[in-house]
Structure formats: structure tokens, C-alpha cells
Amino acid sequence: MRILITGSAGFVGSHLVERFLRDGHTVVGLDNYLSGQRRNTELFLAHPNFRFIEADVSRHLPYDGERLDWVLHFASPASPPHYQQYPIETLMVGAQGTQHALDLASQHGAGFLLASTSEVYGDPLVHPQPESYWGHVNPNGVRSCYDEAKRYAEAITMAYHRDRGVDTRIIRIFNTYGPRMRHDDGRVVTNFIHQALRGEALTIHGDGSQTRSFQFVDDLVEGIVRLMGVRYHEPVNLGNPDEYTIVQFAHLIRDLIDPSLDVTFEAAAQDDPKQRKPDIARARDLLGWTPRVSLIEGLSRTVEDFRADSKVPLLFSTTTSG
Ligand code: UDP
């Protein structure tokens, strides 16, 4: 197959490129490096079945090559400090960017897959979150640029499916981590690992009773590949239901790297969801998919990647309160 991936230089995008090339497909990557990393493109440039286009999908999608089988739309800043630094770009890539990617899929008669997010559930009042839950989102708060962009992206994806017959898929990605995360993205996984590797205290925002459920990137990629293989157009949660409070998570990383480190408590981030855990019954029933990689195993692999590359400076403050 010939597969175009927007956001190919991002964390998840680069793992998709790797998987599809390994499976023998041709991949066209596209990124504008707003949050993607050039070195994620450089990894594949020598591969005969990889081609890269540097462009901003929110403005245009300059692909004029052979017929595509799939368009996968993964372009967007995704960490809270990053999308809050670029709120307008984040809204644009969820809106115009999604429409440009849908138009391309429609022109080529290709499948279209949207990377949506657990953030569409906002600060959820239903726990765990099934796809049928409509969410509890602040429409104009500091996270709204991301949440509402992805909600709009889901809406326009379904509109292209219903109105134009595009063969669409929607995944809702829960917190995902692994090698090649941007070290300065300001997320809890990257901050805690960096802090621990530098011998610093781990910074918990708020009282640390808020929960997250962390999925290793290889499990996500497997879920995406399986969903492309079935005709199903409603959203599908992809996440690991193994839930931790942020305090538990800090202790886990500390114990993995240096049990003598302190944890400190800072101001809570604005509009921070109090709980998040996917209901994955749909993915399990539809795809026979469940996450395989335990948190300890996935974190160990991620820490190794960070150790090998720990000289990257931090661009974002570790305080994410908007
Ligand atoms: N968080 C934290 N310390 C940090 C970074 C984040 O305690 O250094 C908290 C954050 O407030 C949130 C959780 O960890 O409750 C997950 O934050 P992240 O930015 O990774 O992503 P989110 O799940 O909020 O999109």
C-alpha cells in the first residue's frame, strides 16, 4: 500500500512510518516541524520506500504522486505545554488540516484515519470512559484549543464519511509514551524521567491524586494497524486501562531510576482532568486487541532511550499551569 502520514516526524507518526516500512509498504511522510523532530525524518530518508514532504497541512497538502491507499492524519501539537504555546496552530491543524487530509483521501479514493484523543472526554464524569460518553469539556479554557480541535476533527471526519462516502476511521488515543518522545514536551512521562535522570526532585502538579493510564507506543501502533483492516467508522479508544495516580506514577519512576529522590508538589495545571482510563471493550471485541506491554517494561525501554540521549536541553518549563 501507499500511505501518507501527516505528522510523520512526531512521536507516534515516526513509529507508524517505521511499522509500515517494515511491513513492506510505501510511506509518504509530511510535517512542518512545529512539534515534530527532523531527526525522526532522518531515520528513514535512506529507505527506498520513504519520501518526505515538508509542508504545513493546515495551509495545503502538496502531494501530487501516485494513487494513495491511506491518509493518516496525525499532525498536531499534543503535549499540554506545547499546544498551549501554539493554540491557534493547534486549532488550525485540527480544522483546516483535517479537511485538507480528508479532501486528499477523497480525491484518491483512499481510506482516512484520524488521530483523535481521550481529551475529547475532557474532565470526565464517567469512569472509565467508553466511546459512547460525550465528554465534559471546557469549550474556551486553556485546553480547549486541543480538545475542541479534535472534537471538530471527529465531526468533519464523520461528515465526509456520511456525505462523501470516505472510508474513515477514528481512534481516540489515551496517554502514550515510548522511545522518541520529544524530550522537552513537558509531559509527565518526559518530565519525571528527565528529573530522575538528573537527580532532581519529581514535580507533581496538584496533589497528585489525579489519574492517568499509560500505553506503550507499540501497542497503539498495533491497534491502528488492526483498525485499518476492518470497516468500522465510529471512534475506537486505544489505551491501556492500567490506571495510576500521578503520585503512584512518580514513585514508580523514582524507584526505577533512583529511590533516594524527593517528590515535590506544585500548583495544579488549569482544567487538569481528574481521572482518565479507557474502556477498551470496543477495540477488544472488534480487533481482538489488548495492550501487551506492561508499564514497567515500557518505562524501562523508554528510560534506556532517554539515557542514551540525555543531553537534549529542556525548552519548556516543567510547570504546565496555564
Ligand atoms: N504532571 C505532573 N508533573 C509534571 C507534568 C505533568 O504532575 O511535571 C501532571 C499533569 O498535571 C497531569 C498529568 O501529570 O495531571 C498528565 O499530564 P501530561 O502533561 O503528561 O498529559 P495530559 O494527560 O494532562 O494530557
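Structure's up top.
Residues numbered from 1 in each chain as written. Predicted model: local features only at pLDDT ≥ 70, side-chain atom pairs only at ≥ 80, totals over all residues. Heavy atoms only, no water.

(A) Representation of the overall build of the protein chain in the model. When helices and strands are tallied, the protein chain shows eleven helices and 13 strands. Taken against the 2.2 N^0.38 rule, which gives 20 Å for 322 residues, the C-alpha radius of gyration of the protein chain at 19 Å falls within 12% of a compact globule. Seen through its C-alpha atoms, the protein chain measures out along the principal axes to roughly 55 × 45 × 40 Å. Looking at the protein chain residue by residue over its 322 residues, the buried ones come to 57%. For the protein chain, contacts bridging at least 24 residues in sequence account for 81% of all contacts bridging at least 6. Per element, the accessible surface of the protein chain, about 13100 Å² overall, is 49% carbon and sulfur. (Helix = DSSP H or I, 4+ residues; strand = E, 2+ residues; numbered from the N terminus. Rg over C-alpha atoms; globule rule 2.2 N^0.38 Å. Buried < 20%, exposed > 50% of the residue type's maximum accessible area, 1.4 Å probe, protein only. Contact = heavy atoms within 4.5 Å. Areas by Shrake-Rupley, 256 points an atom, 1.4 Å probe, with all protein chains shown as cover.)

(B) The site of the ligand, seen in detail. As a matter of local geometry, the ligand sits amid 18 residues, with Thr-203, His-205, Arg-212, Asp-272 and Arg-276 nearest to it. One of the side-chain N or O atoms of Asp-272 is found 2.6 Å from an oxygen atom in the ligand. The fraction of the free accessible surface of the ligand (520 Å²) that becomes covered by protein chains is 97%. Of all the secondary-structure elements, those providing two or more residues to the shell around the ligand are α7 (188–197) and β8 (202–205). Considered class by class, the residues forming the shell around the ligand number five nonpolar, seven polar and six charged. (Near = heavy atom within 4 Å. Polar contact = N/O pair within 3.5 Å; in protein donor to acceptor, adjacent residues only side chain to side chain. Nonpolar A, V, L, I, M, F, W, Y, C, P; charged D, E, K, R; others polar.)

(C) The sheet that holds strand β5 (residues 111–117), seen in detail. Taken together, seven strands build an open sheet; the order of strands is β3-β2-β1-β4-β5-β6-β11 and the sheet is parallel. Of all strands in the sheet, those bounded by a partner on one side alone are β3 (50–54) and β11 (235–238). Each strand axis lies, on average, 20° off the axis of its neighbour in the sheet, ignoring direction. Relative to β5, strand β4 (residues 70–73) runs parallel, the two being bridged by four bridges. Residue pairing across strands places Trp-70 opposite Gly-111, the latter belonging to β5. (Pairing = 2+ DSSP bridges. Axes fitted to C-alpha atoms, helices over the stretch in contact; angles between N-to-C directions.)

(D) Spotlight on the pattern of salt bridges. According to the stated counting rule, one finds 26 salt bridges in the structure shown. Residue Arg-19 pairs with Glu-222 through a salt bridge whose shortest N-O separation is 2.9 Å. With Arg-19 in helix α1 (residues 11–22) and Glu-222 in helix α8 (residues 217–228), this residue pair connects regions lying 203 residues apart in the sequence. With a closest N to O distance of 3.1 Å, Arg-187 and Asp-185 form a salt bridge. Salt bridges linked by common partners bring Glu-119, Arg-143, Arg-212, Asp-272 and Arg-276 together as one network. (Salt bridge = Lys/Arg side-chain N within 4 Å of Asp/Glu carboxyl O.)

(E) Geometry of the pairing of β5. The buried fraction of β5 amounts to seven of the seven residues, a majority that puts the element mostly inside the structure. Here β5 shows two buried faces, one formed by Gly-111, Leu-113, Ala-115 and Thr-117 and the other by Phe-112, Leu-114 and Ser-116. Regarding topology, helix α6 (residues 144–164) serves as the crossover connection from β5 to the parallel strand β6 (residues 168–173), and that connection is right-handed. (Right-handed = clockwise from strand over helix to strand, strands pointing away.)

Shape descriptors only; they carry no functional weight alone.
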